[in-house]
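Per-entry structural report
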Amino acid sequence: QVQLVESGGGFVQPGGSLRLSCAASGIILDINAMGWYRQAPGKERELVATITSRSTTNYADSVKGRFTISRDNVKNTVYLQMNSLKPDDTAVYYCNAAGVRLANSVLRRTYWGQGTQVTVSS
């Protein structure tokens, strides 16, 4: 009943830019926070950036100054603008929605997208 659909991944050269989008669909009243995580082959999944419903942001040190996260609360959509991309940014990027409150429910749940590939290479 809740689905996260990601888009915007692709292949870019070092120094290039990409913009990722993730829309949450379903009968959703509100979402506490949305964010992006990434996982490279042989490594653990790590946090990239998060943003709350009141636009409080948090970034991994490795992406500060290069990436910008934003969201549209009406559309339940989160974006990640990635600039000055490096080969180390290559990974599968996963959208996350935390504390999702559905209609007619007092419970909140966390959902994950299927992931979108970002490859940075010459």
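Look up: the structure comes first, before these words.
Structural notes, computed from the coordinates. (Residues numbered from 1 in each chain as written. Predicted model: local features only at pLDDT ≥ 70, side-chain atom pairs only at ≥ 80, totals over all residues. Heavy atoms only, no water.)

It is worth spelling out the packing of aromatic side chains at this point. On inspection of all chains with the given rule, the structure shows one aromatic pair. When the ring of Tyr37 is compared with that of Trp112, the centres are 5.0 Å apart and the planes differ by 65°; the resulting orientation is edge-to-face. Of this pair, Tyr37 sits in strand β4 (residues 28–39) while Trp112 is found in strand β10 (residues 108–112), placing the two residues 75 residues apart along the sequence. Lying across the ring of Trp112, Arg45 places its NZ or CZ 4.7 Å from the centre. (Phe/Tyr/Trp six-rings, centres within 6.5 Å; stacked < 30°, edge-to-face > 60°. Helix = DSSP H or I, 4+ residues; strand = E, 2+ residues; numbered from the N terminus. Lys NZ or Arg CZ within 6 Å of the ring centre and 35° of its normal.)

The next subject is the nonpolar core. Of all hydrophobic cores here, the largest spans 33 residues; its most connected members are Trp36, Leu80, Met82 and Tyr93. At six residues, strand β9 (residues 91–102) tops the list of elements feeding residues into this core. (Core = buried A, V, L, I, M, F, W, Y, C linked by side-chain atoms within 4.5 Å. Buried < 20%, exposed > 50% of the residue type's maximum accessible area, 1.4 Å probe, protein only.)

Attention shifts here to the side chain of Asn76. Considering the arrangement of structural elements, one finds Asn76 in the loop between β7 (67–72) and β8 (77–82). Excluding residues that lie within four positions of it along the chain, Asn76 makes contacts with Cys22, Ala23, Ala24, Ile28, Ile31 and Met34. (Contact = heavy atoms within 4.5 Å.)

It is worth spelling out the pairing of strand β11 (residues 116–120) at this point. Regular strands show a simple pattern: their side chains alternate between the two faces of the sheet. The alternating pattern of β11 places Thr116, Val118 and Val120 on a buried face and Gln117 and Thr119 on a face that is not buried. Across three bridges, the pairing between β9 and β11 is antiparallel. Across the sheet, residue Tyr93 finds its bridge partner in β11, namely Thr116. (Pairing = 2+ DSSP bridges.)

Counted by the stated rule, this structure contains six salt bridges. Its salt-bridge partner being Asp30, residue Arg101 comes within 2.8 Å of it at the nearest N-O pair. Taken together, the residues Arg101 in strand β9 and Asp30 in strand β4 connect sequence positions 71 residues apart. You can call Arg101 partly exposed: its relative accessible area is 28%. The exposure class of Asp30 is partly exposed, given its relative accessible area of 22%. (Salt bridge = Lys/Arg side-chain N within 4 Å of Asp/Glu carboxyl O.)

Along the polypeptide, Arg19 turns up in strand β3 (residues 18–25). If near-sequence neighbours (up to four positions away) are discounted, Arg19 is found in contact with Ser7, Gly8, Ser70, Tyr79, Leu80 and Gln81.

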